[in-house]
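Residue-level listing of the chains:
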Amino acid sequence: MSIFRGITKLLNNSIIFKQKYSRNVIVNFTRPKQTLAPSLKLQKPQRKEPGEIYKWILLMIPVTSFGLGCWQVYRLQWKLELLQMLKSKSHAPPVPMPENFNDLQTMEFRPVRVQGEFLHDKEILIGPRALIENDVAMPRAGSLISDPKKNQGYLVVTPFKLSHNGEIILINRGWIPQNLRPKEKRQASMVEGEITLNGIVRLTENRSPFMPKNNPEKGSWLYRDLDQMSSHLDCAPVWLDAQGISDPPEGWPLPNQTRFTMRNEHLSYLITWYMLSAFTAVMWHRYFVRKLPLL
């Protein structure tokens, strides 16, 4: 009996021990649950990700490039109207040559009337140049759309002595093909004596990039440098593009060789800006709206 009582007492003590420490364990495991709720209340609101700010900054790229494309549309229309105005100006009635040649600086593309005689012995050729018909340069020789009869040639530039003051100016008589380059083949066109003609005022021409320079000693003239030409030919720095009938006798220079050139790259600019706007807009929508990778 004493042994039985001892075993019973030992079991009771172990149960009491287990209950006592099991409650402590339960309490210890439940304490974090009691402190979890207050900790959630103390959390600060999350900040916006940096991408949210960059999203609206990057949107300015397609918007700005689209605006620049619209600006180039306006510039293109302005340039085309300016070219049309110059062409209309060249078809105005001719006016007398001013006494002061400095006035010609504001009269480019204006027709003027002069009277005098040609000095054929001082004639020079500028070229090679393409023939201009109806204000449009013909295609170059060898082009798929070129006309074999209208390939590259030269402009005949002849000094002209004015009757009223004796000044010598330069007259671009017109275009000739390469086979008429020798003077012997153009004798009939070298008129003598006093004549009256109409011509369009042209100012000096800047040398294009990579174009060789004029070489007066070798008789090589590639562009219209009035200061250099007037110094070499001992004349005034005045140039007129001769006007005349579009179908002169055979062997004569073809007149009306006024080239209306003005830098006009606005079409390529507007295409570039619109393409950039479209591309960046698609990328922006793909990355920030659809949440897709860029590639």
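Residues numbered from 1 in each chain as written. Predicted model: local features only at pLDDT ≥ 70, side-chain atom pairs only at ≥ 80, totals over all residues. Heavy atoms only, no water.

Looking at an unreviewed UniProt entry, the protein chain carries the name SURF1-like protein, with the source organism given as Danaus plexippus plexippus. UniProt, in the comment section headed Function (unreviewed entry), describes the protein chain in these words: "Probably involved in the biogenesis of the COX complex." UniProt, in the comment section headed Sequence similarities (unreviewed entry), describes the protein chain in these words: "Belongs to the SURF1 family." (UniProt positions renumbered as here; feature names shortened; annotations may be inferred.)

(A) Region of the structure containing the pairing of strand 7 (residues 168–177). Counting buried positions along strand 7 yields nine of 10 residues, so the element is predominantly enclosed. Pairing analysis gives nine bridges linking strand 6 (residues 153–162) to strand 7, with the strands arranged antiparallel. Note on strand 7: the bridge partner recorded for phenylalanine 160 is isoleucine 169. Relative to strand 9 (residues 239–242), strand 7 runs parallel, the two sharing three bridges. Across the sheet, leucine 170 pairs through a bridge with tryptophan 239, a residue of strand 9. (Buried < 20%, exposed > 50% of the residue type's maximum accessible area, 1.4 Å probe, protein only. Helix = DSSP H or I, 4+ residues; strand = E, 2+ residues; numbered from the N terminus. Pairing = 2+ DSSP bridges.)

(B) Representation of the side chain of glutamine 257 within the structure. Among the secondary structure elements, glutamine 257 is positioned in the loop between strand 9 and helix 5 (266–289). Taking relative accessible area as the criterion, glutamine 257 reaches 6% and is therefore assigned buried. Of the polar contacts made by the side chain of glutamine 257, one reaches the backbone nitrogen of isoleucine 132; its length is 2.9 Å. Reaching out from glutamine 257, the side chain makes a polar contact with the backbone oxygen of proline 255 at a distance of 3.1 Å. For glutamine 257, the residues in contact, after removing those within four places along its chain, are Ala130, Leu131, Ile132, Leu155, Asn172, Gly174, Trp175 and Asp241. (Polar contact = N/O pair within 3.5 Å; in protein donor to acceptor, adjacent residues only side chain to side chain. Contact = heavy atoms within 4.5 Å.)

(C) Here's a closer look at the pattern of salt bridges. Under the counting rule described, the total for this entry stands at five salt bridges. The shortest N-O distance in the salt bridge between aspartate 241 and arginine 202 comes to 3.8 Å. Residue aspartate 241 is found in strand 9, and its partner arginine 202 is found in strand 8 (residues 195–202); the two are separated by 39 residues along the sequence. Here arginine 224 makes a salt bridge to glutamate 205, at a shortest N to O gap of 4.0 Å. Taken together, the residues span a long stretch of sequence, with arginine 224 in the loop between strand 8 and helix 4 (226–233) and glutamate 205 in the loop between strand 8 and helix 4 at a distance of 19 residues. Counted as one network, the salt bridges with shared partners bring together Glu108, Arg202 and Asp241. (Salt bridge = Lys/Arg side-chain N within 4 Å of Asp/Glu carboxyl O.)

(D) Spatial organisation of the pairing of strand 3 (residues 124–129). Among the six residues that make up strand 3, five are buried, leaving the element largely enclosed by the rest of the structure. When strand 3 meets strand 6, the two strands line up antiparallel, connected through four bridges. In the strand pairing of strand 6, arginine 129 is matched with glycine 153.

(E) Seen up close, helix 3 (residues 60–90). Under the 1.5 Å per step criterion, the end-to-end length of helix 3 is 45 Å for 31 residues, consistent within 8% with the ideal 45 Å. Turning to helix 3, its buried residues number three or more, namely Pro62, Ser65, Gly69, Gln72, Leu76, Lys79, Leu83, Leu86 and Ser90. (Expected span 1.5 Å × (residues − 1).)

(F) Quick look at the UniProt feature "transmembrane region" (unreviewed entry) in the protein chain. As recorded in UniProt, the feature "transmembrane region" (unreviewed entry) lies at residues 267–287. In residues 267–287, helix accounts for 100% and strand for 0%; the two terminal C-alpha atoms are 31 Å from one another.

(G) Expanded view of helix 5. For helix 5, with 24 residues, the first-to-last C-alpha span of 33 Å sits near the 34 Å given by 1.5 Å per residue. For helix 5, the full list of buried residues reads His266, Leu270, Ser277, Thr280, Trp284 and Phe288.

(H) Region of the structure containing the side chain of arginine 224. A relative accessible area of 9% means that arginine 224 is categorised as buried. Separated by 2.7 Å, the side chain of arginine 224 and the backbone oxygen of leucine 203 make a polar contact. Residues contacting arginine 224, with those up to four places away along its chain left out, are Arg129, Arg202, Leu203, Thr204, Glu205, Met229 and Trp239.

(I) The arrangement of the nonpolar core in detail. Grouped together as the largest cluster of nonpolar side chains are 17 residues, with contacts concentrated most on Met97, Phe101, Val114, Phe160, Ile169, Ile171 and Leu240. If near-sequence neighbours (up to four positions away) are discounted, methionine 97 is found in contact with Leu104, Val112, Arg113, Val114, Ile169, Val238 and Leu240. In terms of nonpolar packing, the next biggest core, distinct from the first, is built from 15 residues, Leu131, Leu170, Trp175 and Met229 among them. (Core = buried A, V, L, I, M, F, W, Y, C linked by side-chain atoms within 4.5 Å.)

(J) The arrangement of the packing of helix 3 against helix 5 in detail. The interhelical angle for the contact between helix 3 and helix 5, taken along N-to-C directions, is 160°, at an axis separation of 8 Å. The orientation of helix 3 with respect to helix 5, classified from their angle, is roughly antiparallel. Both helix 3 and helix 5 take part in a crossing whose hand is left-handed. Across from Ile61, Pro62, Ser65, Phe66, Leu68, Gly69, Cys70, Gln72, Val73, Arg75, Leu76 and Lys79 in helix 3, the residues of helix 5 making contact are His266, Leu267, Tyr269, Leu270, Trp273, Tyr274, Leu276, Ser277, Thr280 and Ala281. In terms of residue class, the contact of helix 3 with helix 5 is built from 14 nonpolar, six polar and two charged. (Axes fitted to C-alpha atoms, helices over the stretch in contact; angles between N-to-C directions. Parallel < 35°, antiparallel > 145°, perpendicular 65-115°, else oblique. Left-handed = near helix turned anticlockwise from the far one by under 90°. Nonpolar A, V, L, I, M, F, W, Y, C, P; charged D, E, K, R; others polar.)

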